[in-house]
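Structural description and commentary
Chain by chain, the residues:
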Amino acid sequence: MSSGCGDVLSLADLQTAKKHQIFEAEVITGKSGGVATGADIDYATNQVTGQTQKTLPAVLRDAGFSPVSWDFSSGGTLTVNDRDKVVYDPVSKAWYSYGGALPVTVPAGFSPVGNADWAPQTDPDLRAELSIIENIAELMSKTPNPELTYTVKGYAPGTTFGGGIFYWDATLPKSQHNGITVFSPTVPWDGTYTTLATFLAGTGETTPSGSGCWVRMQNSRDMLVSWGGVDITGTNVADAAVTAVIKYANTVKRSVRFDSGANIKWGFSTLVQHFDKFNLNVQCSVVLENISGIKVYAENDVEFNTDHPTYAERVVFRLKNCSEVEFSGFNFNSNFADYSTTTSDTTYKPQEWWQGFTAEGCSNLEITKHHVNACQVFVRADCTNLAANLHNIDIHVTDNMFKYVTNYCVISRNINLVEFSRNKVSFNGRNWHTFGEAFAPTTGSLNIIAKDNIFTNQIAQQSCITLTLGALSVTIQGNYCRRQYGIFVELGSSSNVLISGNTSISTGERADTTHILLTGAVDGNPAGGLSNVNITANYFQGGGFAIQEYNTGNALRTGFSITNNHMIDCKLPAITNQSYIGVVVRGNYMEAPTNFPDLAIAGQRPVIDGNMFVGVRVRARDLGYSVIAPKVTNNVWRANSLGESYPALIDYTEFTALVADGNDSTAAAYTDFIVHPSNCNNVGFRKVGPTEGFTVSPTARFAAKLTDARVGDFVANASPTASGAYAWVCVNQSTKAFSSIALSA
């Protein structure tokens, strides 16, 4: 690779050249590393290309010669018993046998070249052993010698990949031909990619009951896709060959490695009926069924070309009933950059309309470490129209890098467990459509994990993570989300949810962003759920609502808590549906924007306790119902940086059995702690402390608006005097009468 300074080689170029030199030296000397002190080896492997070749000493030994331990540079002695020995000449890089009288002493530095007694080994069989066969088609036509091994340069004519070292096994049944590791010479192949699929399948075998096959020597644990004739230059479609290699690897339980530096062209050559929500018929490239216990991988050194001139929606890997399979390390569509993100775009660009994986009936599926650019959906795990026993069990999508995905990085339906962790997602979604969730475990996704992901530069107005009805457990933990538009998490009627330790930062307009949105009907499900939700130890900054409830229906919810979060310069939580019972807001730090001070927590028996409020008031008005038994206790209230004063710190239009006690408002700015009678319709008090209390009895202050009271209700005097009332206590539930308690008492 040029460094920009003429023909100066880079360090990487020099290192590559050195590896080639070591390989050549090992082949010639039969020594590890190509040095005299190296261990004896029979095979050398090129660390750049992966090619394995028999060393010359091993070849000579097979031909009846035995290398001595010295060479012509050092000198040595051949005894009367050393007629079968050969000596290496490091100058001419050849091995020589001695035909003169023995014994003979060879002086150091002696040159055997041209000496009549010294003969270079040029036996015809040895020449055949050392010669390079151009391709597999040529090997198929060669008369085999079972005593020799044969080096093949490339799989198809004109290629330098997919070759290797082969030997002849006369006893191996031709029925074992697979075109990958076993080759029957009586299976016809003209050497073209057009007929490669039929060659791999063994079509046209002329002696199916016969024996005698060429066998590939396998000196690595991994099986290269080029062994099946895959064109790694990206010129010819790879569908059939890749499928064949993976299926064969499955039978022998070996990993499949896409050759380093490969460019793979997908043809989407097989139409497959899917049983997802829409019963899609989609063109697919690699169709796998009942694959288990293998790894298919690269190391982000392989490029997948997902473009196609005709097919719109298309899938690279179609997986059915596969288990314990890992796909890792591919680069998808990396060279595409003409994204559908301009104001004039209204649909997908052809290069964006593809999917990475579809899965049905799979378990323990790992999809990891891919670099993904501009797909429609990367993983679709949707079994909507399959029986329950055919649903996916668990799929894990981890450590990937996604950018400019138009719709979903992952969408699932009817799966036991789906995980989306440690992924990096940027520029997700589009402005021209309403589907743009990075992680969307929807209908029937029972157990959901989203941990330690990084979401940045969201394009869509939709959410990074969208959940829906039916989950048994949800963990959203340790994620980082920074965006100008859209939503961090949308809880679509989900229950049993832990959202903890996340950072969500909105840099856009408040109307354009939300941190956590609680919604009702999603994906065709009825409104419900949203019970047993714990939102804790998160950091929310900027933008719209930290937590907002929207159209959640009237199903009763319990166990909803918001604890120990930091909320800075964002609209504060708004949960006002009457169906929420016992919402807990505790231990949070809330610093409200100057023009959005309202913390709107209502429903039945909400608890607002132990929070630090800066520029905050509890306010939920005109709800159409009375907030039942709200409890606002032990909070610290401070004015905002402008010192703005509010009419009331607790401002409900209608409420019953209010407990307001233990609050510290010394640094706050307000007129009344509890809403003024002129601004409410009906009220009721269970216990009101001195900071929160009144200067006259509740009966006198609220008159007919005091609609809820029971004997023993306690309201402290906000400004007691030595001769005046310390507090008022309800003494008659029917008349709502309060009697004073003297300070002296």
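First things first, this report covers the structure right here in the doc. (Residues numbered from 1 in each chain as written. Predicted model: local features only at pLDDT ≥ 70, side-chain atom pairs only at ≥ 80, totals over all residues. Heavy atoms only, no water.)

1. Some thoughts on the overall build of the protein chain
Assigned secondary structure in the protein chain consists of seven helices and 69 strands. Taken against the 2.2 N^0.38 rule, which gives 27 Å for 745 residues, the C-alpha radius of gyration of the protein chain at 38 Å runs more than 25% over that of a compact globule. C-alpha extents for the protein chain along the principal axes are approximately 135 × 55 × 45 Å. For the protein chain, the proportion of its 745 residues judged to be buried stands at 53%. When the accessible area of the protein chain is evaluated, it comes to approximately 29,900 Å², of which 51% is carbon and sulfur surface. Positive and negative side-chain charges of the protein chain, numbering 51 and 64 respectively, have mean locations separated by a distance of 7 Å. (Helix = DSSP H or I, 4+ residues; strand = E, 2+ residues; numbered from the N terminus. Rg over C-alpha atoms; globule rule 2.2 N^0.38 Å. Buried < 20%, exposed > 50% of the residue type's maximum accessible area, 1.4 Å probe, protein only. Areas by Shrake-Rupley, 256 points an atom, 1.4 Å probe, with all protein chains shown as cover. Lys, Arg positive; Asp, Glu negative; His and termini not counted. Charge placed at Lys NZ, Arg CZ, Asp CG, Glu CD.)

2. Quick word on the pattern of salt bridges
Summed over the entire model, instances satisfying the criterion amount to 22 salt bridges. In this structure, the salt-bridge partner of lysine 295 is glutamate 326, at a minimum N-O distance of 3.8 Å. Taken as a pair, lysine 295 in strand E19 (residues 295-297) and glutamate 326 in strand E22 (residues 323-328) lie far apart in primary sequence, 31 residues in all. The salt bridge involving glutamate 360 is made with arginine 318; its shortest N-O contact spans 3.0 Å. A residue pair is termed long-range when its members are at least 10 positions apart, and glutamate 360 in strand E24 (residues 355-360) and arginine 318 in strand E21 (residues 314-320) qualify at 42 residues. (Salt bridge = Lys/Arg side-chain N within 4 Å of Asp/Glu carboxyl O.)

3. Focus on the sheet that holds strand E13 (residues 211-216)
Across the sheet, five strands lie side by side as E9-E10-E11-E13-E12; this open sheet has mixed pairing. The open sheet terminates on both sides in strands that have one partner only, identified here as strand E9 (132-133) and strand E12 (182-183). (Pairing = 2+ DSSP bridges.)

4. Quick word on unusual backbone geometry
Cis peptide bonds are those with omega within 30 degrees of zero, and the linkage from leucine 102 to proline 103 qualifies with 0°. Along the chain, proline 103 falls in the loop between strand E6 (94-98) and strand E7 (104-106). Of note, the phi angle at asparagine 321 is positive, near 55°, even though the residue is not glycine. The exposure class of asparagine 321 is partly exposed, given its relative accessible area of 28%. Notably, tyrosine 404 is not glycine yet its phi reads approximately 55°, a positive angle. Along the chain, tyrosine 404 turns up in the loop between strand E29 (401-403) and strand E30 (408-413). A relative accessible area of 16% means that tyrosine 404 is categorised as buried.

Purely geometric numbers; function is a separate question.
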